Amino acid sequence: MSEYYNLIQIIAGIAAVVLIFTGIFLSVKKLNPEKYETIPVKSTVISTAFIAAGLLCYAIVKTCTNLTIVTEEHYDVSTVYMASLGEVIKLFGFIVFVPLLFRLFKPKTKKKENTDEEISEE
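Below or above, wherever it landed, is the structure these notes cover. The written sequence of each chain sets the order in which its residues are numbered from 1. Reporting in this predicted model follows two pLDDT cut-offs: at least 70 for local features of residues, and 80 or more for side-chain atom pairs to be given and counted; totals over whole chains, interfaces and linings ignore these cut-offs and use all residues. Note: side-chain values were computed over all heavy atoms of the structure, leaving out hydrogens and water.

What follows concerns the nonpolar core. Counting residues in hydrophobic clusters, the biggest one holds eight residues: Ile20, Ile51, Leu55, Ala59, Leu85, Val88, Ile95 and Val96. Only DSSP runs of H or I reaching four residues or more are called helices, and only runs of E reaching two or more are called strands; each is numbered from the N terminus. If you list the elements that add at least two residues to this core, you get helix 2 (41–69) and helix 3 (77–92). It is helix 2 that contributes the most residues to this core, three residues altogether. We call two residues in contact when some of their heavy atoms are within 4.5 Å. If we skip the residues at most four places from it in the chain, isoleucine 95 touches Ile20, Ile24 and Ile51. In this description, a nonpolar core means a group of buried Ala, Val, Leu, Ile, Met, Phe, Trp, Tyr and Cys residues linked to one another through side-chain atoms lying within 4.5 Å. Throughout this description, buried means an accessible area under 20% of the type-specific maximum (1.4 Å probe, protein chains only), exposed means over 50%, and partly exposed covers the range between.

This part takes up the packing of helix 2 against helix 3. To define axes, lines are fitted to C-alpha atoms, for helices over the stretch in contact only, and angles between the resulting N-to-C directions are given on a 0 to 180 degree scale. Where helix 2 meets helix 3, the axes come as close as 8 Å, and the angle between the chain directions of the two elements is 125°. In terms of their interaxial angle, helix 2 and helix 3 are classed as oblique. In this structure, helix 2 crosses over helix 3, and the sense of that crossing is right-handed. Taken together, the residues of helix 3 that come into contact with helix 2 (itself represented by Leu55, Leu56, Tyr58, Ala59, Ile60, Lys62, Thr63, Asn66 and Leu67) are Val77, Val80, Tyr81, Ser84, Leu85, Glu87, Val88 and Phe92. Residue polarity is assigned by list, with Asp, Glu, Lys and Arg as charged and Ala, Val, Leu, Ile, Met, Phe, Trp, Tyr, Cys and Pro as nonpolar; anything else, Gly included, falls into the polar class. Of the residues belonging to the contact of helix 2 with helix 3, the class tally is 12 nonpolar, three polar and two charged. Our angle categories are set so that under 35 degrees counts as roughly parallel, over 145 as roughly antiparallel, 65 to 115 as roughly perpendicular, and the remainder as oblique. By convention the crossing between two helices is left-handed if the near helix lies anticlockwise of the far one by an angle smaller than a right angle, and right-handed if it lies clockwise.

One side-chain nitrogen of Lys or Arg within 4 Å of one carboxyl oxygen of Asp or Glu is enough to make a salt bridge. This model, assessed by the stated rule, comprises one salt bridge. Residue lysine 62 is joined to glutamate 87 by a salt bridge in which the shortest nitrogen-to-oxygen separation is 3.3 Å. One end of the pair, lysine 62, is in helix 2; the other, glutamate 87, is in helix 3, with 25 residues separating them in the sequence.

Next up on the list: helix 1 (residues 5–30). Across its 26 residues, helix 1 extends 38 Å between first and last C-alpha, which sits within 8% of the 38 Å expected from 1.5 Å per residue. Of the positions making up helix 1, those classed as buried are Tyr5, Gln9, Ala12, Ala16, Leu19, Ile20, Gly23 and Ser27. Next to the buried residues of helix 1 lie helix 2 and helix 4 (98–104). Expected span, for any helix, means 1.5 Å times one less than how many residues it has.

Put into structure tokens, the structure is as follows:
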């Protein structure tokens, strides 16, 4: 089984990168400073779910790394995965809140587009 750990790490690592960057890209794509609108809740939730799934995949990468290190103690895979997940959340868990921060920092005011209309009325 240890010969497959490298293959599992590569697949889970690529999946983690794709999911995390997809989640961040979906949030950034909805940012439009010209419209002065907030990011929709649906987009925020979907982006957060993509990022969380990416972090779970990265925990698989860390689990494979920890399993190759811990060969003598005979730990259960679920125990090593939970320890790896805790480590990933401790180090990179803040990334889950990036879409929420994009949603909270919305533009405060709108540009005045009525200036041409007011001048023509006078």
